[in-house]
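Single-letter residue listing:
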Amino acid sequence: MSRQIRSVSRTDWQTPPEFFTALSAGIGGFKCDVAANAENTLVPKCWFGPGSPHGQDALEEGLEWPSPAFCNPPYLGGDAWRAWLLRFNAHAGRGGVLVTVIPAATGAKWWRDLIVEPGMADILFVTGRIKFNLP
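Report on the accompanying structure.

Attention now moves to the nonpolar core. Residues Val 34, Phe 48, Trp 65, Trp 84, Leu 85, Ile 102 and Trp 110 are the most contacted members of the largest nonpolar core, which totals 19 residues. Where this core is concerned, the elements lending two or more residues are β2 (69-71), α2 (81-93) and α3 (109-116). Dropping the residues within four chain positions of it, Val 34 is found in contact with Phe 48, Ala 58, Trp 65, Ala 69, Phe 70, Cys 71, Trp 84 and Leu 98. Listed in part, the 8 residues of the second largest apolar core include Phe 20, Val 43, Val 99 and Val 101.

Next comes the structure, spelled out in structure tokens:
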């Protein structure tokens, strides 16, 4: 008997709603979810991603994000974080507020170069592992 193994290398995992709700309450409510799709957005009035009327790609140059924004970017690993972190820094540099959920890779070059050194981030470390949901 053969077993079918389902791939879990997906980029559309949803932040657990109860974790999102706690973050949202702490910031006074999010105006937009900048890395979502119709099935996994947690801010249905404004989200960026496939199928969104607001924008298909939050990384599109010149696209402004409402603030405060929420982002659970696709977990692509390695240097793929660089584009998102550059965009986060640009948003913050214009006075925007963003809360994002990213791995605590404190030994990674991108962590030092794009989170610590710019000095624009308040960092909240979560104890344990967040269990993300598939849509």
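Turning to the state of the cysteines, a few remarks are in order. With the rule as written, the count across this model stands at 1 disulfide. Between the sulfur atoms of Cys 32 and its disulfide partner Cys 46 the distance amounts to 2.4 Å. An S-S torsion of about -70° defines the bridge between Cys 32 and Cys 46 as left-handed. Of the two residues, Cys 32 sits in strand β1 (residues 32-33) while Cys 46 sits in the loop between β1 and β2, which places them 14 residues apart along the sequence. In this structure Cys 71 is not part of a disulfide, and its nearest cysteine sulfur, from Cys 32, lies 9.9 Å away.

Time to look at the pattern of salt bridges. The tally for this structure, following the rule as stated, stands at 4 salt bridges. Arg 94 is the salt-bridge partner of Glu 64, the closest N and O atoms lying 3.3 Å from each other. Placement of Glu 64 in the loop between β1 and β2 and of Arg 94 in the loop between α2 and β3 (98-100) is noted, with a sequence separation of 30 residues between them. We note a salt bridge from Lys 109 to Asp 113, for which the minimum N-O separation is 2.4 Å. A residue pair is termed a helical-turn pair when its members lie 3 or 4 positions apart in one helix, as Lys 109 and Asp 113 do in helix α3 at 4 residues.

Calculation criteria
- Residues numbered from 1 in each chain as written.
- Predicted model: local features only at pLDDT ≥ 70, side-chain atom pairs only at ≥ 80, totals over all residues.
- Heavy atoms only, no water.
- Core = buried A, V, L, I, M, F, W, Y, C linked by side-chain atoms within 4.5 Å.
- Buried < 20%, exposed > 50% of the residue type's maximum accessible area, 1.4 Å probe, protein only.
- Helix = DSSP H or I, 4+ residues; strand = E, 2+ residues; numbered from the N terminus.
- Contact = heavy atoms within 4.5 Å.
- Disulfide = S-S within 2.5 Å.
- Salt bridge = Lys/Arg side-chain N within 4 Å of Asp/Glu carboxyl O.

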